[in-house]
Amino acid sequence: MTTIDEATIAGLVQQDLAHLIHPQYYAPEHGNPVIFDHGEGVWLTDVRGKRYIDALSSLWNVAVGHGRTELADAAAEQMRKLAFSNSYTGFSNVPAIQLAAKVSELVYDNLEGVFFTNSGSESNEGAFKAARFFWNLRGRPSKVKIIARERAYHGGTLTTTAMTGLPAFWKYFGPFSGDVVHTAKPVALECDCTPNTDGECGHWLEAAILREGADTVAAFIAEPVKGAGGVWTPSDDYFRVIREICDRYEVLFIADEVITGFGRTGRWFALERFGVQPDILSIAKAITSGYVPMGAFIVSAEIMEALQTLPTESRFMHAYTNSAHPTAAAVGLRNLRIMEEEHLVENAAAMGDRLGDGLRRALGGQGHVANIRNLGLIAGFTLVADAERGTPYEAAQGIGRQVATHMREQGQVITRFVGDQIVLAPPLVIRPEEIDHIVGAIEAAVRAVTAG
Ligand SMILES: Cc1ncc(COP(=O)(O)O)c(C=O)c1O
């Protein structure tokens, strides 16, 4: 079914090329774009009527699936009543109060205070500011640095770009503040930790703290599963080691759960699996399933208490016009109700197992796939020229792009590649037959592309 005629599509493409600067912009990629028209559940339909499974929940965010009229109704109802009012100095609104209470109930027990943002970048930026602010209140003004990890993605503001451990995101944007530093493999590291799937272990953090001086470090930031960097899962003991190191050196632990929060890993929040709690939690994306922009950083009871007892002259001067936006909060509340009523966290756990098992079965003996990993409904694998010898593909071959293109064009599955990594994070509403469709499309794409 064609939803828009070819002449109109050609006009749209021209206007797109002329006026729209896309994220991660490279104009030639937009000469023949897939222009989406509508969606339902895990399916997206483009303007020519072609359907695809959205195997990345668009950008890891459309957790409850597309076309949820309940969320459109929640937004419309709130807009008719009170679309916006400000939450500064002495003002508040009903949905924001209710959502802050609901989020506090769902997150780790030790977390109490919610500051709403509009994006994951703003959540991480604010979390870092809160960490510095806290140490100043404690009379430790030298604790100003933040340590982040290689292959991490933390956002698009200048500071969160610096936190991001993917050099491709830095080019021509520097110089960055020297107060944002990264972990690196210590020379002659000897420890008995189980490494994460990308080889990092908790002692990389300890080495970085010792390198910088604990007295200069405010916080460490980490995604429980490194997402945009290629989906790298942690070992079972990694975050316990991290928590111990942070406690030992008095460094606040910021968990960036912008992707993993709200069910993605088969738990409401990913660190639950490891019995670890962060001092500050960054969230965004699935809090509203992407229907309207919203995020938050959430601080521990200790930091909250410090913020609640400030002298007037030390007010926490951090603000966004749209913080605690009533319409976004109303959508967030309805979205979380859907997740609870439809048991989507449990579904993510079950469908995550099916996806992980399916990938291992379909690709395990392929000879061109290594390091298949998943934690609930977030998964990745590495394309290799020779799995037995571990030989990587030449970058110029663009193997990830080839596989992803085959999946989209032949298999009706849209997802992302990061170099040689194929990554997956379908909506939490996904059904068994849709998981099987994704696995089948991947198997066919890997076979076709690696046979050549
Ligand atoms: C882990 C993580 N943190 C932060 C961000 C930035 O979020 P946003 O793009 O909403 O600013 C992202 C975006 O993908 C992310 O994956």
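Provided above is the structure to which this section pertains.
Everything in this summary refers to the structure shown in the same document. What you are looking at is a predicted structure, and each value in this text was computed from that prediction instead of being measured.

Further remarks concern the site of the ligand. Close contacts around the ligand come from Ser119, Gly120, Ser121, Asn124, Tyr153, His154, Gly155, Glu223, Asp256, Val258, Ile259 and Lys285, and that covers them all. Contact between the ligand and Asp256: a nitrogen atom at 2.7 Å from a side-chain N or O atom of the residue. For the ligand, the accessible surface in isolation is 390 Å², of which the surrounding protein chains cover 82%. Here the shell around the ligand gets three residues from one element, more than from any other, and that element is helix H5 (residues 120-137). Broken down by class, the residue content of the shell around the ligand amounts to three nonpolar, six polar and three charged.

On to the sheet that holds strand E14 (residues 413-414), then. One open sheet accounts for four strands, arranged E1-E2-E3-E14; its pairing is mixed. The open sheet has two edge strands, strand E1 (36-40) and E14, and neither has a second partner.

On to the sheet that holds strand E9 (residues 280-283). Across the sheet, which stays open at both edges, the seven strands sit in the order E4-E10-E9-E8-E7-E5-E6 with mixed pairing between neighbours. Because the sheet does not close on itself, it has two edges, and the strands there are strand E4 (111-117) and strand E6 (180-182). Ignoring which end each strand starts from, the neighbouring axes of this sheet average 20° apart.

This part is about the pairing of strand E8 (residues 252-256). Along E8, five of the five residues are buried, which leaves the element largely enclosed by surrounding structure. Residues Leu252, Ile254 and Asp256 point to one face of E8 and Phe253 and Ala255 to the other, with burial holding for every one of them. Pairing between strand E7 (residues 217-222) and E8: four bridges, direction parallel. Bridging across to E8, Phe220 finds its partner in Phe253. Handedness of the crossover joining E7 and E8 through helix H8 (residues 238-248): right-handed. Judged from the three bridges that link them, E8 and E9 form a sheet pairing that is parallel. Along E9, the bridge assignment pairs Asp256 with Ser282.

Our next topic: helix H1 (residues 6-19). For H1, built from 14 residues, the straight-helix expectation of 20 Å at 1.5 Å per residue is met to within 8% by its first-to-last C-alpha distance of 20 Å. Within H1 the residues assigned to the buried category are Ile9, Val13 and Asp16. The arc that holds the buried residues of H1, viewed along the axis, is 60°, so those residues lie on one side. Pointing more than 90 degrees away from the buried face of H1 are the exposed residues Ala7, Gln14, Ala18 and His19.

This structure, assessed with the given rule, holds one cavity of 30 Å³ or more. Taken as a whole, the largest cavity holds about 40 Å³ of empty space. Taken together, Arg149, Asn196, Asp198, Pro224, Lys226, Trp232, Thr233, Pro234, Tyr238 and Phe239 make up the lining of the largest cavity. Taken together, the residues that form the lining of the largest cavity break down as five nonpolar, two polar and three charged.

It is the contact of helix H12 (residues 399-409) with helix H13 (residues 432-451), at a shortest axis distance of 9 Å, that shows an interaxial angle of 130°. Of the possible angle classes, the one that applies to H12 and H13 is oblique. Seen along the crossing, H12 lies across H13 with a hand that is right-handed. Each of Ile399, Gln402, Val403, His406 and Met407 in H12 lies in contact with H13, whose residues at this interface are Ala441, Ile442, Ala444, Ala445, Val446, Ala448 and Val449. By residue class, the composition of the contact of H12 with H13 is 10 nonpolar, two polar and no charged.

A few words on the environment of Ala319. In this structure, Ala319 sits in the loop between helix H9 (301-308) and helix H10 (326-341). Residue Ala319 is classed as partly exposed on the basis of its relative accessible area of 43%.

Residue placement: Arg373 occurs in strand E11 (residues 369-374). Residues contacting Arg373, with those up to four places away along its chain left out, are Thr197, Gly230, Val231, Trp232, Thr233, Arg360, Ile378, Ala379, Gly380, Phe381, Thr382 and Gln421. Looking at Arg373, its side chain comes within polar contact range of the side chain of Thr382, at 2.8 Å.

What follows is about the pattern of salt bridges. Applying the stated rule across the entire model yields 25 salt bridges. Residues Arg132 and Asp179 are paired through a salt bridge, measuring 3.1 Å at the closest nitrogen-oxygen approach. With a gap of 47 residues between them, Arg132 in helix H5 and Asp179 in the loop between helix H6 (158-163) and E6 connect regions that are remote in the sequence. Residue Arg354 pairs with Asp436 through a salt bridge whose shortest N-O separation is 2.7 Å. Note that Arg354 is positioned in helix H11 (residues 344-363) and Asp436 in helix H13, a separation of 82 residues in sequence. On the basis of relative accessibility, which here comes to 35%, the residue Arg354 falls in the partly exposed class. When salt bridges that share partners are traced, they join Arg151, Asp198, Glu200 and Lys226 into one network.

The rules behind these values
- Residues numbered from 1 in each chain as written.
- Predicted model: local features only at pLDDT ≥ 70, side-chain atom pairs only at ≥ 80, totals over all residues.
- Heavy atoms only, no water.
- Near = heavy atom within 4 Å.
- Polar contact = N/O pair within 3.5 Å; in protein donor to acceptor, adjacent residues only side chain to side chain.
- Areas by Shrake-Rupley, 256 points an atom, 1.4 Å probe, with all protein chains shown as cover.
- Helix = DSSP H or I, 4+ residues; strand = E, 2+ residues; numbered from the N terminus.
- Nonpolar A, V, L, I, M, F, W, Y, C, P; charged D, E, K, R; others polar.
- Pairing = 2+ DSSP bridges.
- Axes fitted to C-alpha atoms, helices over the stretch in contact; angles between N-to-C directions.
- Buried < 20%, exposed > 50% of the residue type's maximum accessible area, 1.4 Å probe, protein only.
- Right-handed = clockwise from strand over helix to strand, strands pointing away.
- Expected span 1.5 Å × (residues − 1).
- Arc of directions from axis to C-beta.
- 1 Å grid on protein atoms, 1.4 Å probe; cavity = no way out; pocket = protein on both sides within 12 Å on 5 of 7 lines; lining within 4 Å.
- Points joined across faces, edges and corners; volume = space filled by probe spheres on them.
- Parallel < 35°, antiparallel > 145°, perpendicular 65-115°, else oblique.
- Left-handed = near helix turned anticlockwise from the far one by under 90°.
- Contact = heavy atoms within 4.5 Å.
- Salt bridge = Lys/Arg side-chain N within 4 Å of Asp/Glu carboxyl O.

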